[in-house]
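# Coordinates in review
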There are 2 protein chains.
Amino acid sequence: MAGPRFLKLPPPQQQAILRAALEEFAAHGFHDASLNRVIETAGISKGSMYYYFDSKADLYSHVALTELGGLMARLGPVPPLDEGDAETFWSVVEDFYLRAMRALIASPQLAALLRGWSSASKSPAFQPAQGAIEQESTPWIELALAAGQKVGAVRSDVPPTLLLSVVFGMGEAMDLWLMSQEPDDESLPATIHSLIGMIRGAVAPPN
Amino acid sequence: MAGPRFLKLPPPQQQAILRAALEEFAAHGFHDASLNRVIETAGISKGSMYYYFDSKADLYSHVALTELGGLMARLGPVPPLDEGDAETFWSVVEDFYLRAMRALIASPQLAALLRGWSSASKSPAFQPAQGAIEQESTPWIELALAAGQKVGAVRSDVPPTLLLSVVFGMGEAMDLWLMSQEPDDESLPATIHSLIGMIRGAVAPPN
DNA sequence: ATCAGTCTAGACCGATGGTCTAATTCGTCA
DNA sequence: TGACGAATTAGACCATCGGTCTAGACTGAT
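Described in the following lines is the structure provided in the data block. (Residues numbered from 1 in each chain as written. Chains lettered and ligands numbered in written order. Predicted model: local features only at pLDDT ≥ 70, side-chain atom pairs only at ≥ 80, totals over all residues. Heavy atoms only, no water.)

## What to know about the packing of aromatic side chains
Here the structure, examined in full by the defined rule, presents 16 aromatic pairs over all chains. Geometrically, the ring pair formed by Phe25(B) and Phe30(B) is stacked, given 6.2 Å between the ring centres and 15° between the ring planes. Taking relative accessible area as the criterion, Phe25(B) reaches 2% and is therefore assigned buried. For Phe30(B), a relative accessible area of 9% puts it in the buried group. Geometrically, the ring pair formed by Phe96(B) and Trp140(B) is stacked, given 5.1 Å between the ring centres and 20° between the ring planes. Placement of Phe96(B) in helix H6 (residues 86-106) and of Trp140(B) in helix H8 (residues 127-150) is noted, with a sequence separation of 44 residues between them. Judged by its relative accessible area of 8%, Phe96(B) falls in the buried class. What makes Trp140(B) partly exposed here is its relative accessible area of 28%. What links up through ring pairs into an aromatic cluster is the set Phe6(A), Tyr51(A), Tyr52(A) and Phe53(A). Here the basic side chain of Arg5(A) rests over the ring of Tyr51(A), its NZ or CZ set 4.0 Å away from the ring centre. The ring of Phe30(B) has Lys56(B) lying over it, and the distance from NZ or CZ to the ring centre is 4.9 Å. (Phe/Tyr/Trp six-rings, centres within 6.5 Å; stacked < 30°, edge-to-face > 60°. Buried < 20%, exposed > 50% of the residue type's maximum accessible area, 1.4 Å probe, protein only. Helix = DSSP H or I, 4+ residues; strand = E, 2+ residues; numbered from the N terminus. Lys NZ or Arg CZ within 6 Å of the ring centre and 35° of its normal.)

Next up, the structure:
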């Protein structure tokens, strides 16, 4: 797992390493990123790198978690979802999604990082480190789905795992599509409204 | 691109190479598959391999295309989708999806191959070979979507590229989920019905 | 001053995808 | 049949990869 040894470094050096790693991972994705380039950019030796982190995957997950934490902090607290009716549920979700997308558009490196994660996470070698990130992101969706079911906004007639998979897949596809559009801040709300509408159509209780 | 040189080989040797490659790619995915293992299993030298194919990605795309072609052939002709009303459109889609899934379940190696493709295809190195496969699969979805719009089964109020992305993402997620369920042939139709219902909810015209 | 523990540097390892050249096979024409 | 040129093959070779290992530099305590 993530080493406490890394956290004992002087913060500037921590940042130098994290910055180099983020740059490399965002530019090339997990597989094609080169650890050698990272240590060269960061100005440390390979021995040191492997003293701080267990593996490439360990470094990646640490970078991803740190950046994700920063994003969440910038977004502020997650609004409660299980108080109100179905309509307010969806409007709250839409609002939060809009804010998240705005933040993501503002930091394209993070966007690239998260984009690459879903491809990397399927690799067997990634399995150990995968848990950490997944436990940071999927529980949120799970909670949101459960809350949606509670207020009648989300169907309960299919297995929860299917619901989760589909929402995750749609979210991934939508994020990717959205980024490829280079969206302007003006038309974004309307676009997000369409996207949430499609998710809603998929997971809302059938008539 | 795919070499005509490979096609000049005696068919048995072609099959030996394709079989070895399929085995390796299905078992380890694109990135973690080893070309050295493939040539060892196939009983050819590295020089020959690179005489037949330009690169690892080229070999992969050739294997994937061949297998995909075989699957399509086994499925038979694609039924016409633009004749009838929305309801028949969805029932035809559902029927075709059911047949495709049955075929996919019957050949787990092909399923593993296609599963791995979506992860591999995002890699920059894969870009050249990606086009070939994508042009084999996405046009079908595009045509289906266009037919759906013609008969009023699919919404026309969002960009077609978004529709395509979302359907692709949902399909990917559903296939993955379905495979992880080890579905039995008996309950499959009902499950597929749920899945198509979700896609329908996402892309059907809003009220 | 010495010793134990922490940390660093970089040579080293097996394996990878890909290149290159020398040799061999093969079809063709004399 | 012999010979020439192109098609094909074999495998040594290359840079690079993620990861290991050891020799030494530092640091704080006794």
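## Focus: the interface of chain B and chain A
With 27 residues of chain B at the interface, the matching set in chain A holds 26 residues. The interface formed by chain B and chain A contains 2 residue pairs in polar contact (both at pLDDT 80 or more). Secondary structure elements with two or more residues in the side of chain B that touches chain A: helix H2 (11-32), helix H9 (160-180) and helix H10 (188-203) of chain B. Looking at the side of chain B that touches chain A, its residues break down into 15 nonpolar, 9 polar and 3 charged. (Contact = heavy atoms within 4.5 Å. Polar contact = N/O pair within 3.5 Å; in protein donor to acceptor, adjacent residues only side chain to side chain. Nonpolar A, V, L, I, M, F, W, Y, C, P; charged D, E, K, R; others polar.)

## Quick notes on the protein's contact with DNA strand D
Taken together, the neighbourhood of DNA strand D is formed by 13 residues, with Ala33(A), Ser34(A), Tyr50(A), Tyr51(B) and Tyr52(B) sitting nearest. Of everything in DNA strand D that lies within 4 Å of the protein, sugar and phosphate atoms constitute 65%. Measuring from a phosphate oxygen of DNA strand D, one finds a side-chain N or O atom of Ser45(B) at 3.2 Å. In this structure, Ser48(B) approaches DNA strand D through a side-chain N or O atom, which is 3.2 Å from a phosphate oxygen. Mapped onto the surface near DNA strand D, the elements with two or more residues apiece are helix H3 (35-42) and helix H4 (46-52) of chain A together with helix H4 (46-52) of chain B. Counting residues per element, the surface near DNA strand D draws most heavily on H4(B), which supplies 4 residues. Broken down by class, the residue content of the surface near DNA strand D amounts to 5 nonpolar, 6 polar and 2 charged. (Near = heavy atom within 4 Å.)

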